[in-house]
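Residues per chain are reported as follows:
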Amino acid sequence: MIEKEKMMKTSTNRRNESAQKLLLRLELWFAPLLLVVPLIVSLVFLGDWYVKGFIGRSASYDGELFLGLLLLIGNLLFDIPFLRSLRMQKKKQ
Amino acid sequence: MFFSEMTARDTLKRTKQKMTEYQIGILEQLNAIEVDAHWFRRVFHTFAASFLFYYLLPDEKWINLGKIVLPIIIVACMAVVEYQRIRGGLDHHRFFGLRNYEKKRPASYLYFGIGVLVLFLLFPQQIAIPCILCASFTDPIIGESRYYLGKKRAYLIGFVVSLCFFLVSWYRADWWILLLVCLLGATGVLIGEAKKLRFVDDDLMIQMLPAILLLLLWQGCVALGVNILPPKMILPL
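Residues numbered from 1 in each chain as written. Chains lettered and ligands numbered in written order. Predicted model: local features only at pLDDT ≥ 70, side-chain atom pairs only at ≥ 80, totals over all residues. Heavy atoms only, no water.

Asks: Just checking my understanding: could you explain empty space enclosed by the protein for this structure?
Replies: If a probe the size of a water molecule is rolled over the atoms, the empty space left behind becomes visible. According to the stated counting rule, one finds two cavities of 30 Å³ or more in the structure shown. The calculated volume of the second largest cavity comes to roughly 40 Å³. (1 Å grid on protein atoms, 1.4 Å probe; cavity = no way out; pocket = protein on both sides within 12 Å on 5 of 7 lines; lining within 4 Å. Points joined across faces, edges and corners; volume = space filled by probe spheres on them.)

Asks: Mind showing me how you'd approach the state of the cysteines here?
Replies: Two cysteines joined by a covalent bond between their sulfur atoms form a disulfide. All names here are of chain B. As enumerated under the stated definition, the model contains zero disulfides over all chains in all. Considering cysteine sulfurs only, Cys131 is the nearest to Cys134, which forms no disulfide, with 6.5 Å between them. Residue Cys221 stays outside any disulfide, its sulfur separated by 14 Å from that of Cys182, the closest cysteine. (Disulfide = S-S within 2.5 Å.)

Asks: Teacher, can you tell me more about the packing of aromatic side chains here?
Replies: Pairs of aromatic rings are described using the distance from one ring centre to the other and the angle between the two planes. Scanning the model with the defined rule gives 13 aromatic pairs over all chains in all. A ring pair is formed by Phe66 of chain A and Tyr171 of chain B, whose centres lie 5.2 Å apart and whose planes are at 85 degrees; its orientation type is edge-to-face. Separated into two different chains, Phe66 of chain A in helix α2 (residues 62-92) and Tyr171 of chain B in the loop between α5 (151-169) and α6 (175-194) make up a pair that spans both. On the basis of relative accessibility, which here comes to 29%, the residue Tyr171 of chain B falls in the partly exposed class. The structure contains a cluster of three or more aromatic residues connected by ring pairs, namely Phe82 of chain A together with Phe40, Phe44, Phe47 and Phe51 of chain B. (Phe/Tyr/Trp six-rings, centres within 6.5 Å; stacked < 30°, edge-to-face > 60°. Helix = DSSP H or I, 4+ residues; strand = E, 2+ residues; numbered from the N terminus. Buried < 20%, exposed > 50% of the residue type's maximum accessible area, 1.4 Å probe, protein only.)

Asks: I'm lost on the environment of Ser42 of chain A in this one. Help?
Replies: Residues and elements named next belong to chain A. Relative to the helices and strands, Ser42 is located in helix α1 (residues 2-55). Separated by 25 residues in the primary sequence, Ser42 and Leu67 have C-alpha atoms spaced 7.3 Å apart. Excluding its chain neighbours within four sequence positions, the residues that come into contact with Ser42 are Gly68, Leu71 and Leu72. (Contact = heavy atoms within 4.5 Å.)

Asks: How do you make sense of the packing of helix α2 (residues 61-87) of chain B against helix α3 (residues 108-122) of chain B when you look at a structure like this?
Replies: Think of two packed helices as two axes; the pair is described by the angle between the axes and how far apart they sit. Residue and element names in this part refer to chain B. Axis separation between α2 and α3 bottoms out at 10 Å; the angle between their running directions is 160 degrees. Here α2 lies roughly antiparallel to α3, going by the angle between them. Like other packed secondary-structure pairs, α2 and α3 cross with a definite hand, here left-handed. Judged by residue contacts, Lys67, Ile68, Pro71, Ile72, Val75, Met78, Ala79, Val81 and Glu82 of α2 engage Tyr109, Leu110, Gly113, Ile114, Leu117 and Leu121 from α3. Of the residues in the contact of α2 with α3, the class split is twelve nonpolar, one polar and two charged. (Axes fitted to C-alpha atoms, helices over the stretch in contact; angles between N-to-C directions. Parallel < 35°, antiparallel > 145°, perpendicular 65-115°, else oblique. Left-handed = near helix turned anticlockwise from the far one by under 90°. Nonpolar A, V, L, I, M, F, W, Y, C, P; charged D, E, K, R; others polar.)

Laid out in structure tokens, this is it:
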């Protein structure tokens, strides 16, 4: 009876562990996308402002400058703790 | 008789004890996942701000068609996945970062997607942009500051941050319009975030409430013969 319970416990633990590993893998798969895409988009906004707004001397593109900076700073602020948490989690695993 | 009663009682007690242990174990496991997923969820929010790339897409016939069809297809796929998950066709554990209360109702990413879709298709970009920015940044900022500063201060910070987003998006409008829009929009964001509804996630409310308020204001002013919308903030490539 006790052996059976022990076996059940170990199998449940194994299942939980594999679920955790699977989730971590998913998070790692998503990480580059979550980190890189906003940076690229913000650089596109800044580039468009630079070419058409700054060099082309048009104030109509100032909004893109603001948005580019907002995206860049906002994402960097949250990316750093996210990367830290990923490193911590990898260490735990 | 006495012995059999004792045994039954013992067994019941033992079973209860095991059930409690099992429940605690499961809760610990879930909490571990919740803690690990904390920053993942935050970054997912801020990532959503890059959807604003949508307004940079060139104004051509086939691209304009794609601008309507593609977001609808993406949100429809998300809805199918969520339907399957809630029905039990997909394992809940395969979805990273879901909260406990999202087990039996659509997850917040679907609400977020629906909100963005409605804003893209039905609202002018002058209204949609600050609302998407608020959902992307104000929500995680309030969430984070709530941990360290408490609820009231977190909402105050959220209000100021939202105010800044509306200010940046409407900076070309007249001062009285700017003031009105900033106050109305930021209040809508705050109510959308603070008011928790059972079946509607705050990720949808935080976008839709200020958007609807601003739409009403805009249409009201148009009815009075004044167009308050500033020039577009993002011009297509």
